[in-house]
Amino acid sequence: MNIFVLLKRTFDTEEAIQLENGEIQEDGAEFIINPYDEYAVEEAIQKRDALGGEVTVVTVGPEDADKELRTALAMGADKAVRISIEDDVEDADHVTISKVLATYLKEQDADLIFAGNVAIDGGSGQVAPRVAELLDMNYVTTITGLEIDGTTATVTRDVEGDTEVIEVALPLLVTAQQGLNEPRYPSLPGIMKAKKKPLEELELMDIDLDEDEIEAKIETIERFLPEEKKAGRILEGDMSTQVSELVQLLRTEAKVI
Ligand SMILES: Cc1cc2nc3c(=O)[nH]c(=O)nc-3n(C[C@H](O)[C@H](O)[C@H](O)COP(=O)(O)OP(=O)(O)OC[C@H]3O[C@@H](n4cnc5c(N)ncnc54)[C@H](O)[C@@H]3O)c2cc1C
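The protein has the name Electron transfer flavoprotein subunit beta in an unreviewed UniProt entry, where Exiguobacterium sp. is given as its organism. Taken from UniProt, the Function (unreviewed entry) comment for the protein reads in full: "The electron transfer flavoprotein serves as a specific electron acceptor for other dehydrogenases. It transfers the electrons to the main respiratory chain via ETF-ubiquinone oxidoreductase (ETF dehydrogenase)." Under the Subunit (unreviewed entry) heading, UniProt states for the protein: "Heterodimer of an alpha and a beta subunit."

**Considering the site of the ligand**
Around the ligand, the structure places 29 residues, and the nearest of them are Leu-6, Lys-8, Asp-37, Ser-124 and Gly-125. Backbone polar atom of Ala-119 to an oxygen atom of the ligand: 2.8 Å apart, as the coordinates give it. Contacts to the ligand include Gln-126, whose backbone N or O atom sits 2.8 Å from an oxygen atom. Contributions of two or more residues to the shell around the ligand are made by β6 (54-60), α3 (94-106) and β8 (112-116). In the shell around the ligand, the residues fall into 12 nonpolar, nine polar and eight charged.

**Re the domain arrangement of the protein**
Bring the parts together and some accessible area is lost; that lost area is often taken as the interface size. Domains assigned within the protein are domain 1 (2-214) and domain 2 (228-257). Using only C-alpha atoms to locate each centre, domain 1 and domain 2 end up separated by 47 Å.

**Notes on the side chain of Asn-117**
Note on placement: Asn-117 falls in the loop between β8 and α4 (127-135). Reaching out from Asn-117, the side chain makes a polar contact with the side chain of Gln-177 at a distance of 3.3 Å. With sequence-adjacent residues up to four places away left out, Asn-117 is seen in contact with Tyr-36, Gly-125, Thr-142, Thr-175, Ala-176 and Gln-177.

**A word on the pattern of salt bridges**
It is possible for side chains of opposite charge to pair when their charged atoms get near one another. According to the stated counting rule, one finds 15 salt bridges in the structure shown. Residues Glu-43 and Lys-47 are paired through a salt bridge, measuring 2.9 Å at the closest nitrogen-oxygen approach. Separated by four residues within a single helix, Glu-43 and Lys-47 lie in helix α1 (residues 35-51), roughly one turn from each other. Since its relative accessible area comes to 11%, Lys-47 is described here as buried. Between Arg-233 and Glu-245 there is a salt bridge, and its shortest N-O distance comes to 3.5 Å. Of the two residues, Arg-233 is situated in the loop between β13 (199-203) and α6 (239-252) and Glu-245 in helix α6; the sequence distance between them amounts to 12 residues. For Arg-233, a relative accessible area of 53% puts it in the exposed group.

Cut-offs and rules
By convention here, each chain's residues receive numbers from 1 onward along its written sequence. Totals for whole chains, interfaces and linings use every residue, but because this is a predicted model, local features are given only for residues with pLDDT of at least 70 and side-chain atom pairs only at 80 or more, for both listing and counting. Water and hydrogen atoms play no part in the side-chain values, which are based on all heavy atoms of the structure. UniProt positions are given in the numbering used here, feature names are shortened, and annotations may be inferred rather than shown by experiment. Put simply, a residue is near a molecule or strand once any heavy atom of it comes within 4 Å of that molecule or strand. Here a polar contact means two N or O atoms within 3.5 Å. Within protein one must be a hydrogen donor candidate and the other an acceptor candidate, and residues neighboring in sequence count only if both atoms are side-chain atoms. Only DSSP runs of H or I reaching four residues or more are called helices, and only runs of E reaching two or more are called strands; each is numbered from the N terminus. The nonpolar class holds Ala, Val, Leu, Ile, Met, Phe, Trp, Tyr, Cys and Pro. Asp, Glu, Lys and Arg form the charged class, and all remaining residues, Gly among them, are polar. Just so you know, the domain bounds were taken from an automatic or database domain assignment. Here, residues are in contact when the closest pair of their heavy atoms is within 4.5 Å. By convention in these notes, a salt bridge is any Lys or Arg side-chain nitrogen within 4 Å of a carboxyl oxygen on Asp or Glu. Here's how the labels work: a residue is buried when its accessible area is under 20% of the maximum for its type, exposed when over 50%, partly exposed in between, all with a 1.4 Å probe on protein chains only.

So this is what it looks like as structure tokens:
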């Protein structure tokens, strides 16, 4: 089974975002594997262990993303590929990223591709479905269960609190939702082994893609932080006084009634 995982390096969820001149400051920020991609890596490893084959983790990102790729290798992935585009393009969006990933994957003869349901920073949830569309491959999003029998997959997917079970033919791309599994921590031997596993670096010309073909379609007009939350207010007095004051405030201050 030829298995691929699309992995994104993201801000640590604990990080406070700092803006300077409308740009997000990355200096000193902690980066992690996008948490949904950890479920994807774990599921890929489990499927390889059960069915045989190989797991390749792929990212589009800068050299710093090698750290997250090595973590995936330490968890048990076999190979990693980083496609570097920052020398060729200034702005990238999900159209850019999905085109780069699909162009690379087109030549790989993948049976299964795992991705995260959404990236916790960009958060568009578009990259994986776009990749599948470009590859003309079946795909199922937000999965919480996956069984493979020959060339057929039975997928359980989360549909906002309910579940849906779908039978679908391989090759298949799925996006991982929380609950799919419990991602393992890299073990010490895993970390030692990961240092020797192959991590290939590719550029646009290696995958025969021109920078004009991956031009971003989205222009960011402005970035700003949400307004700081004002402190709450506790109304005093008996119930009828509180109710009339509340109605008054909703009318005059909040202007919602
Ligand atoms: C060199 C470079 C320059 C960029 N410049 C800009 C910029 O100028 N403005 C801006 O707003 N954004 C920029 N980005 C970020 C880029 O737009 C996002 O990475 C991309 O749009 C993904 O969208 P998302 O975060 O909404 O992912 P989602 O679609 O929410 O991600 C879902 C899943 O797709 C997969 N995935 C997503 N991104 C990647 C990736 N990079 N590699 C592998 N798998 C992935 C993962 O499995 C992830 O869980 C840049 C990124 C790069 C690499």
